[in-house]
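Structure at a glance
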Amino acid sequence: MKRRQLLKHLAASVPAMKPKLMFKQKINSTAAGLVLVLMSYSFAAKSQQMGDAEKKSMEKGSIYPALKGAGQGVSGPGSNLPPEKMQDWEDQKFGMFIHWGLYAIPASGEWTMFNQKIPAEEYAKLADQFNPKHFSAAEWARVAKEAGMKYMVMVARHHDGFALWNSPSSYRHFDSWETAAHRDFVKEYTDACRKAGLSVGIYYSPLDWRFPGYFDPKGLPDNAALLKKQTYGQVEELMKNYGKIDILWYDGGWLAHKGSDADAAWFWEPLKLNAMVRSYNPDVVINPRSGMVGDFQTDEGGADVKGPIIPFPWEKCLNLNATSWGYNRAQNLMPLKQIINMLVNTVDRGGNMLLNVGPDPDGVIPPTHVERLKEVGNWLAKNGEGIYQTRPGPFQPVDDFYGATYRGNNIYIHLLKIPAGAAVVKLPPTRQTVTACKVLNGKKVKFHQDMAGITIDLATVQLDSLVTTLVLKTKGR
């Protein structure tokens, strides 16, 4: 107890500094005096449009259409996993992203604190009412399993600085253990994932808007050093205290919301940081947003996936509710057809898809989200053989028409949309000899193979209203 009190005293003694780029406006005295419920309402009542910095954050995560940003960052001996240790992650194909924290209370997205220029001391008051009565990590895992997902990635701490675990390294003890909830949500989550047989992923943001030094690390080196110390301490806690972690998903490595994550490697020293990570979890799969070349690349947002197969591990991450990653009163739920199209387009190009949900302040995934995910799971129950544990090819995808995956001697053709009036699908030549063609778990389909390619006759095929999966049985190479 004495040590904890001493730490609090030291933290409180650090001079409060104002960043150059945010928190310039103070909430007036009338607003400051409102009760927390009214304060959170005022947050939500403001515009729910993305701010410029938030848009740039998403844009820098895009590797389409020219794969910009892929492979950037520093690397060193042992910093990345060898291909054979990426196989399990590449096999899984579909996971659940979870953005949840204090920002669920104002219900206007995870960038609420920054976009609405809320001073840190005012925003921190939300922790006094963050005490979810119906939070159940087991329920989250159940929803993910029912959706056909194989892994989960939970936001342990977003850019607002609030940690969802017992974090002694947290600056000014801004975490769920020492505030109203008095719970370690990361422990509950990691335990539930393992019990459900799901791979465990943790999202962590080095960025923390409470530190002026983040916005001017060279001009405010002492404050920036406090931020970096917190990052190293918290990442070590997450890697050391919660058993085997399968995925470490960084976000917010860029400095002052400018440049790229790789540009900030001088500050974060990601090779040092991730050497520490691998000392606790040698086989953890790490994304590229700490400034280190990642084990996989990321493509963020709801833009369509098009083009050829991508020849390295990558992941598409996007929102089920397109309005924001965190819980939002404004709902723009993805249609089922769009989700299935996105999944097969991603898998046909060699990627995994990480689909985000934003639980409400009580920790409950909205029922409309649960129902939509169940519909996805129903499709995967019938078509998952052509998704899980596959690799892209042997045919390059044709945008808005079809794509292909393979496993063993089976080739799976995903038909997204048949051109009007068409009754056949013509595939390029392959050295493999096709011995049979059928709808996956359905009837045989007529086909013809010659030197020009493979012609599949769809005249008698009942097509799936979402995506139809055909399987070609082959022999030979």
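Our structure's up above, just so we're on the same page.
Keep in mind that this is a model prediction, so the values were computed, not measured. (Residues numbered from 1 in each chain as written. Predicted model: local features only at pLDDT ≥ 70, side-chain atom pairs only at ≥ 80, totals over all residues. Heavy atoms only, no water.)

Some words on the sheet that holds strand 11 (residues 410-415)
How we decide: By the convention used here, strands pair only if DSSP detects at least 2 bridges between them. Starting at the N terminus, helices and strands are each numbered in turn, a helix being any DSSP run of H or I of at least four residues and a strand any DSSP run of E of at least two.
Reading across from one edge, 9-10-11-16-13 is the order of the 5 strands in this open sheet, with antiparallel pairing throughout. Edge positions in the sheet fall to strand 9 (391-392) and strand 13 (433-439), since each has one partner strand and no second. When strand 9 meets strand 10 (residues 402-407), the two strands line up antiparallel, connected through 2 bridges. Residue pairing across strands places Pro-392 opposite Thr-405, the latter belonging to strand 10.

With respect to the pairing of strand 10
Pairing between strand 10 and strand 11: 6 bridges, direction antiparallel. When the sheet's bridge partners are listed, Ala-404 is paired in strand 11 with Ile-413. Between strand 10 and strand 11, which follow one another and run antiparallel, lie 2 residues, and Gly-408 among them has a positive phi close to 60°.

Notes on the packing of aromatic side chains
Cut-off, in case you're wondering: Side-chain rings of Phe, Tyr and Trp, where Trp is taken by its six-membered ring, are said to pair if the distance between their centres is within 6.5 Å; with planes under 30 degrees apart they count as stacked, over 60 as edge-to-face, and otherwise as tilted. Three labels apply to residues, based on accessible area from a 1.4 Å probe with only protein chains included: buried if under 20% of the type maximum, exposed if over 50%, partly exposed otherwise in between.
Scanning the entire structure with this criterion turns up 24 aromatic pairs. Between Trp-100 and Phe-135, the ring centres sit 5.1 Å apart and the planes meet at 10°, which makes this aromatic pair stacked. Here Phe-135 lies in the loop between helix 7 (120-123) and helix 8 (137-146) and Trp-100 lies in the loop between strand 1 (94-98) and helix 6 (112-115), a separation of 35 residues in the sequence. Judged on exposure class, the residue Trp-100 and its partner Phe-135 are both buried. Here Trp-111 and Trp-209 contribute two aromatic rings whose centre-to-centre distance is 5.1 Å and whose plane-to-plane angle is 65°, an arrangement assigned as edge-to-face. Of this pair, Trp-111 sits in the loop between strand 1 and helix 6 while Trp-209 sits in the loop between strand 3 (199-204) and helix 10 (212-215); the two residues are 98 residues apart in sequence, bridging distant segments of the chain. What makes Trp-111 buried here is its relative accessible area of 4%.

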